[in-house]
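Close look at the chain arrangement
Residue-level listing of the chains:
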Amino acid sequence: DPQVYAEGILKVCKFYFHSPLACASGVSGADLKRRMETIMENKFAMRMDGARKLLLAGCAAAAIATPLALGLVTSPLALAQTQSAPSPEEIAKRLAEQQMPRKVIALDPRLFDKFVGYYRLGQAVIIHITREDGHFYEQVIGQPREEMFPERPDKFFLTVVAAQFSFDTDASGSVVDLVLHQNGLEQHADRIDDTTARKYEAALAERVKTGKPSPGTEAAVLREIEAFRNGKVDYDKLSPGLAAETQKQIPALQQGVRKLGPMKSITFKGVLPSGMDVYEVAFAHGNTQWEIAPLTADGRIEGLFFHLEP
């Protein structure tokens, strides 16, 4: 539908404006206006050949393993290394529940204050929970803020995607962690103090500013490209959650990467506000952009995403 398509482009543009990548300069007012007019006139539909359709399917599958796209969860976060991956049956059961319609309840905003603070998910994801007047928000450091709504006194949901947040307390009633419910996963994020979170935020800002890649990410991208190509992924090199998702996606990933042909070059492009390193990888039959999270202390990948460039 032209209107839905146009609205989708505007939403994408909203998030690209937060990006330091050179591609952001391509989102000019004039070009965007012409594109919108063409879409709404509905004069044509672009056709894709079989190879691009297949690659698009593979890229869409790859997005399941991506940490951090919207202000947290438009794309799911990889499981923390210490968390075990659930079975496919458990994932399906949780996913069905997570995608059910949610109902907002009335909640005294003051009851939310005990949840306010910072939570660490995995190696390099800090979630900031805040309240502003009677509204409740979550924000991954380096990404836009999103409002969430209460469905229970200790559980909240987003409306932009099917994702919920709950909080665990200890025997004294103190909040000890946050749980992200999304894509059939339940990922725990430990509460951390403000000083630790601000040091992380400052370090992330500095890394984005200097534009230096995190150690080992280029080698990890090259390794996974070859693994996707031959279908022989070393799942011990991935976090448990990412490994579980990759196992489901490997046929599509394998076909997509093979269609690209031999790899020609890899170029580091910069660091996203989320901390993801960005690489442009050129193949014989197309260029791709790969985004990878900083590796864990023992060298595992917690998040990986790629897509075909225009």
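Criteria and thresholds
Residues numbered from 1 in each chain as written. Predicted model: local features only at pLDDT ≥ 70, side-chain atom pairs only at ≥ 80, totals over all residues. Heavy atoms only, no water. Core = buried A, V, L, I, M, F, W, Y, C linked by side-chain atoms within 4.5 Å. Buried < 20%, exposed > 50% of the residue type's maximum accessible area, 1.4 Å probe, protein only. Helix = DSSP H or I, 4+ residues; strand = E, 2+ residues; numbered from the N terminus. Contact = heavy atoms within 4.5 Å. Pairing = 2+ DSSP bridges. Axes fitted to C-alpha atoms, helices over the stretch in contact; angles between N-to-C directions. Phe/Tyr/Trp six-rings, centres within 6.5 Å; stacked < 30°, edge-to-face > 60°. Salt bridge = Lys/Arg side-chain N within 4 Å of Asp/Glu carboxyl O.

This part takes up the nonpolar core. In this structure, Val221, Phe228, Trp290, Ile292 and Ile301 are the most contacted members of the largest nonpolar core, which totals 23 residues. In terms of residue count, the dominant contributor to this core is helix α7 (residues 240-260) (six residues). When near neighbours in sequence (up to four residues on either side) are disregarded, valine 221 contacts Ile266, Tyr279, Val281, Trp290, Ile292 and Leu304. Ranked by size, the runner-up nonpolar core spans 21 residues in total, among them Tyr119, Phe156, Phe167 and Leu178.

Pairing within the closed barrel is antiparallel, and its eight strands lie in the order β1-β2-β3-β4-β5-β6-β7-β8. Taking the axes of each pair of neighbouring strands and ignoring which way they run, one obtains an average angle of 35° across the sheet. Where strand β4 (residues 146-152) lies against strand β5 (residues 155-157), three bridges are found, and the strand directions are antiparallel. Bridge pairing in β5 places arginine 152 opposite lysine 155. Contacts from helix α4 (residues 88-98) reach β5, β6 (163-169), β7 (175-182) and β8 (185-192) within the one sheet, and its direction differs from that of β8 by about 75°.

Right, let's get into the packing of aromatic side chains. For the coordinates displayed, the defined rule picks out 12 aromatic pairs. Ring plane angle 25° and centroid distance 4.3 Å describe the contact between phenylalanine 112 and phenylalanine 136, whose orientation is recorded as stacked. Of this pair, phenylalanine 112 sits in the loop between α4 and β1 (117-121) while phenylalanine 136 sits in strand β3 (residues 135-140), placing them 24 residues apart in sequence. Of the two residues examined, phenylalanine 112 and phenylalanine 136, each falls in the buried class.

Moving on, we come to the pattern of salt bridges. With the rule as written, the count across this model stands at 12 salt bridges. Arginine 223 is paired through a salt bridge with glutamate 224; the nearest N and O atoms lie 3.0 Å apart. Salt-bridge contacts for aspartate 298 lead to arginine 300; the nearest nitrogen and oxygen are separated by 3.6 Å. Residue classification places aspartate 298 among the partly exposed positions, given a relative accessible area of 45%. A residue is classified by how much of its surface remains accessible, and arginine 300, at 23% relative accessible area, is partly exposed.

Turning next to the environment of isoleucine 91. Tracing the backbone through its elements, the reader meets isoleucine 91 in helix α4. For isoleucine 91 and glutamine 182, which are 91 residues apart along the polypeptide, the C-alpha to C-alpha distance reads 9.6 Å. What isoleucine 91 contacts, discounting residues up to four positions off in sequence, is Pro86, Asn183, Gly184, Leu185 and Lys248.

Let us look at the pairing of β3. As paired strands, strand β2 (residues 125-132) and β3 are joined by six bridges and run antiparallel to one another. Along β3, the bridge assignment pairs threonine 130 with tyrosine 137. The turn joining β2 and β3, which pair antiparallel and follow one another in sequence, is formed by two residues; a positive phi near 55° is taken by aspartate 133. Pairing geometry for β3 and β4, over three bridges, is antiparallel. If you follow glutamate 138 over to β4, its bridge partner there is glutamate 146.

Shape descriptors only; they carry no functional weight alone.
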